[in-house]
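Secondary and tertiary structure notes
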Amino acid sequence: MKERKSTGTASFLQGAAMLSAATIIVKIIGAIYKIPLLGVIGEDGYGYFNTAYDIYSVLLMISTTGLPVAMSRMISEAQALNQPSQIQKIFSVSLKVFLCIGIVGSLGMLLFCRQLSVLQTTFDTSWAAIAVLAPSVFFICIISAFRGFFQGQSNMAPTSISQVFEALCKLFIGMACALLVMKVTGDPTLGAGGAILGVTVGCVVSALYLWRCYRKASCDLPSGGAVKSTRATVRQLLLIAVPITLGAAGLQIINMVDTMVYMRRLTGVLHFTQEYTEDIKGVYNFCQTIFNLPCAIITTITISIIPAITRHLALNNAPEARRAETSAMRLTGLIAMPCAFGLMSLAEPIMILLGRSGQYLDLYGTIMLYLGATVIFNSIVLVSNAMMQAHGDVTTPVINLIIGGVVKVIANFFLVANPDLHIAGAAIGTLICYAVITVLNGIAIVRRRIFDPGCLKTLFKPLLAGLLMGAVTYMAYGFLASALGSAKLACLAAMAVAVVVYAILVYALRIITYDDCMLLPGGEKLAKILHAEKK
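Residues numbered from 1 in each chain as written. Predicted model: local features only at pLDDT ≥ 70, side-chain atom pairs only at ≥ 80, totals over all residues. Heavy atoms only, no water.

**Observations concerning the overall build of the protein chain**
On a plain count of helices and strands, the protein chain comes out with 18 helices and 0 strands. Taken over the C-alpha trace, the protein chain has a radius of gyration of 23 Å; the compact-globule value for 535 residues is 24 Å, and the two agree within 12%. Considering only C-alpha atoms, the protein chain reaches an extent of 65 × 55 × 40 Å along its principal axes. In the protein chain, which comprises 535 residues, the proportion classed as buried is 56%. Excluding contacts between residues fewer than 6 apart, the proportion of contacts in the protein chain whose partners are at least 24 apart in sequence is 81%. (Helix = DSSP H or I, 4+ residues; strand = E, 2+ residues; numbered from the N terminus. Rg over C-alpha atoms; globule rule 2.2 N^0.38 Å. Buried < 20%, exposed > 50% of the residue type's maximum accessible area, 1.4 Å probe, protein only. Contact = heavy atoms within 4.5 Å.)

Next comes the structure, spelled out in structure tokens:
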């Protein structure tokens, strides 16, 4: 039992580590792509680019949120019960469903690109980016089916590598097309379309790579074990996927409505010009790009934790399921807290480091401050939702997400109309949204005992370490900025101070446990260095 326990937890953490590494690489490539892209296509073009992405995200959520989770849970359970033939059945059924959704989504974006642009921003300036991005919905559906197949078996390598392929295509092809189109036409509308072409090509390349991986893996997969009928498989798939998809779609639609509301409040109540409104929306979108980095890393934990918990529950191994949940929550805290307090303490300096300057610099810093705080709540929401879904409760996360989304729209309706806040009010609304969802999830976990609420206590020490690190970093930057005379150098030096301080606090507070150490090479020596005691 001991060996099995260690193997199960190690599999989860190794999968999370692999996906996290790929995510960091992808985000670095994305930064290399998006940061200079702003200079290539301008604030207006960057706004058009992100408007297309907002619409794409809605269709993407509808297409790929519920079904991969359902696939992952069902395949993990079938693998635990030694039913390889059922794994093939689940994949075959899921792929057909994905293909239908992908065709409808792509045609919808392509045929109604101008209408969608007007619906989102009141202007048709994003039509080219939306049209060029349309085929990606079809290919991302195929990609999601393949990834669900591998993730359900806790094989995160194909997913990780395919993500890097996507990012590289986006960087080289997207940037080349953006530069070419802007040189030839000088039109930011067409420039945004050229920039986004790399995303579509990346999806095609990723789909081809995953198809090749699947062909090899399916040949190695043995046959045998109980096989459910197609009707029963489809029924189980939809029972899990539909509530999650409805929740994701509901939240994304609420986000679209939210964008429509604050854009109209900016132009209607505050009487901002179209150009100024598009510019500050581009500022907000850029800050969201930075905000999404730590959240994307946390998402890798959720991808790994669902099949891990499902596998243990299928084998009636509740203690090991609790161990995986505790490890996931502790890992979430270790990543989210330094990211959140780091962004808050260096909000404006980070923007300067990334090349932001001029009249919008204060706005960049203000938005980043609020979004930095949001990282904490969003991370807890992501992981707690995954745990509830792994335990078979797919309804509670949906309801809580929709409630939080409605609160966000209401908050932004009033906050964005405040001339002292304007677009920064949208960031405050996002913070309120995820704080509300965090509280609702906590209430549901405690009241219904969906999983052991004790694992939430593992967040306290990382929270304390992050808070202290943020305070030291803030003071260090002030001193270094005066001493060095360069905001960029001071920011880099303050970030180095933050890393050292947080490492010392992790050691002093003994946040990393003995079991965590034993999952790493040289675990015994590391445990002695960190004074991690065996429980």
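So, next bit.
**Let's talk about the nonpolar core**
It is characteristic of soluble globular proteins that their nonpolar side chains tend to be buried jointly. By size, the foremost hydrophobic cluster in this structure holds 136 residues, and its most contacted members are Leu 37, Phe 49, Met 351, Ile 367 and Met 368. The dominant element in this core, judged by the number of residues it contributes, is helix α1 (residues 2-64), at 15 residues. Not counting the four nearest positions on each side in its chain, Ile 367 is found in contact with Val 283, Tyr 284, Cys 287, Ile 423, Ala 424 and Ala 427. Residues Leu 401, Cys 433, Tyr 434 and Ile 437 belong to the second largest nonpolar core, which totals 5 residues. (Core = buried A, V, L, I, M, F, W, Y, C linked by side-chain atoms within 4.5 Å.)

**Some remarks on unusual backbone geometry**
Although it is not a glycine, His 271 adopts a positive phi angle of roughly 60°. Within the secondary structure, His 271 sits in the loop between α8 (230-268) and α9 (274-314). Phi is positive for His 422, which is not a glycine, with a value near 35°. Within the element layout of this structure, His 422 appears in the loop between α13 (395-415) and α14 (424-448).

**Some thoughts on helix α5 (residues 127-151)**
A rise of 1.5 Å per residue sets the reference length of α5, with its 25 residues, at 36 Å; its end C-alpha atoms lie 35 Å apart and thus fit the reference within 8%. Across the 25 residues that make up α5, a large majority, 20, are buried. (Expected span 1.5 Å × (residues − 1).)

**As for the environment of Thr 302**
Note on placement: Thr 302 falls in helix α9. Between the C-alpha atoms of Thr 302 and Met 256, which are 46 residues apart in sequence, the distance is 25 Å.

**Remarks on the pattern of salt bridges**
Going through the model one piece at a time under the given rule, you end up with 3 salt bridges. A salt bridge links Arg 147 to Glu 166, with the nearest nitrogen and oxygen atoms 2.5 Å apart. With a gap of 19 residues between them, Arg 147 in helix α5 and Glu 166 in helix α6 (residues 157-184) connect regions that are remote in the sequence. Residue Arg 147 is classed as buried on the basis of its relative accessible area, which comes to 12%. Glu 320 is the salt-bridge partner of Arg 323, the closest N and O atoms lying 3.6 Å from each other. With Arg 323 and Glu 320 both in helix α10 (residues 318-345) and 3 residues apart, the pair spans about one turn of that helix. (Salt bridge = Lys/Arg side-chain N within 4 Å of Asp/Glu carboxyl O.)

**Looking at the packing of α9 against helix α12 (residues 361-390)**
As a packed pair, α9 and α12 sit with axes 8 Å apart at the nearest point and diverge in direction by 15°. Here α9 lies roughly parallel to α12, going by the angle between them. Note on packing geometry: the crossing formed by α9 with α12 is right-handed. For the contact of α9 with α12, the per-class residue count stands at 25 nonpolar, 8 polar and no charged. (Axes fitted to C-alpha atoms, helices over the stretch in contact; angles between N-to-C directions. Parallel < 35°, antiparallel > 145°, perpendicular 65-115°, else oblique. Left-handed = near helix turned anticlockwise from the far one by under 90°. Nonpolar A, V, L, I, M, F, W, Y, C, P; charged D, E, K, R; others polar.)

**Remarks on a nonpolar patch on the surface**
A grouping of Ile 103, Leu 107, Leu 110, Leu 111 and Phe 112 is seen on the molecular surface, where their side chains present a nonpolar patch of about 490 Å² in accessible area. Looking at the element boundaries, Leu 107 is found in helix α3 (residues 84-111). The exposure class assigned to Leu 107 is partly exposed, which follows from its relative accessible area of 44%. (Patch = residues over 30% accessible without salt bridge, like charges linked within 9 Å, V, L, I, M, F, W, Y side chains within 5 Å. Areas by Shrake-Rupley, 256 points an atom, 1.4 Å probe, with all protein chains shown as cover.)

**Some words on α3**
Between its terminal C-alpha atoms α3 stretches 41 Å, which fits the 40 Å expected from 28 residues at 1.5 Å a residue. Among all positions of α3, only Pro 84, Gln 86, Ile 87, Ile 90, Phe 91, Val 93, Ser 94, Phe 98, Gly 102, Gly 105, Ser 106 and Met 109 are buried.

**Here we look at the environment of Ala 134**
With respect to the helices and strands, Ala 134 occurs in helix α5. Considered as a pair, Ala 134 and Cys 113 are 21 residues apart in the sequence and their alpha carbons are 8.6 Å apart. Once residues within four sequence positions are removed from consideration, Ala 134 is found in contact with Ser 106, Met 109 and Leu 110.

**Quick word on the packing of α5 against helix α7 (residues 188-220)**
At their nearest, the axes of α5 and α7 sit 8 Å apart, and the two run at 20° to each other. In this view, α5 runs roughly parallel relative to α7, as classed from their interaxial angle. Here the hand of the crossing between α5 and α7 comes out left-handed. Tallied by class, the residues present in the contact of α5 with α7 amount to 26 nonpolar, 5 polar and 1 charged.

**Digging into the side chain of Arg 311**
Position of Arg 311 relative to the elements: it lies in helix α9. One buried charged residue, Arg 311, forms no salt bridge at all, with the nearest opposite charge on Glu 320 at 8.7 Å. Once residues lying within four places of it in the same chain are set aside, the contact partners of Arg 311 are Ser 76, Gln 79, Ala 80, Gly 152, Gln 153 and Ser 154. (Lys, Arg positive; Asp, Glu negative; His and termini not counted.)

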